[in-house]
Amino acid sequence: MAPEINLEDFQKIELRVAEVLDVERVEGTKALLKLRISLGGEERTLVAGLAPYYRPEEIKGKKIIVLANLKPATIRGVVSQGMLLAADDGKGGVSLLTVDRDIEPGSRVR
């Protein structure tokens, strides 16, 4: 288990709903996918190690949860502007965190 954090620490995290507009493999890698997402009035690029678990067409069009205020990082030459959330059972099972109702991209997760 990770150490406990206080409410003030948690309030620094900005989780948002994002719609996946496009997905492609990152050239020269086996695990990385490049996602173009919409956060409502803004589009961003994310890089995620989901290729062993999802085909690009399985992700496109989904509404996922992203950490929107993470500092950008360059991964294999691609600038990743956030991080998507996924559950990992530690046994090879990975599942994207999605929303269960139709909600606008950019909506804040509270």
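Residues numbered from 1 in each chain as written. Predicted model: local features only at pLDDT ≥ 70, side-chain atom pairs only at ≥ 80, totals over all residues. Heavy atoms only, no water.

A.B. asks: Quick question: what am I supposed to make of the pattern of salt bridges here?
C.D. replies: Think of it this way: side chains of opposite charge can pair up when their charged atoms draw near. In the structure shown here, the tally under the stated rule is seven salt bridges. With a shortest N-O distance of 2.5 Å, Arg16 and Glu14 are connected by a salt bridge. Residue class for Arg16 comes out partly exposed when judged on its relative accessible area of 23%. Between Lys63 and Asp102 there is a salt bridge, and its shortest N-O distance comes to 2.6 Å. Remark: Asp102 occurs in the segment after strand E9 (94-96) and Lys63 occurs in strand E4 (residues 63-67); sequence separation between them is 39 residues. By relative accessible area, Asp102 is classed as exposed at 72%. Via salt bridges that share partners, Arg55, Glu57 and Glu58 belong to a single interconnected network. (Salt bridge = Lys/Arg side-chain N within 4 Å of Asp/Glu carboxyl O. Buried < 20%, exposed > 50% of the residue type's maximum accessible area, 1.4 Å probe, protein only. Helix = DSSP H or I, 4+ residues; strand = E, 2+ residues; numbered from the N terminus.)

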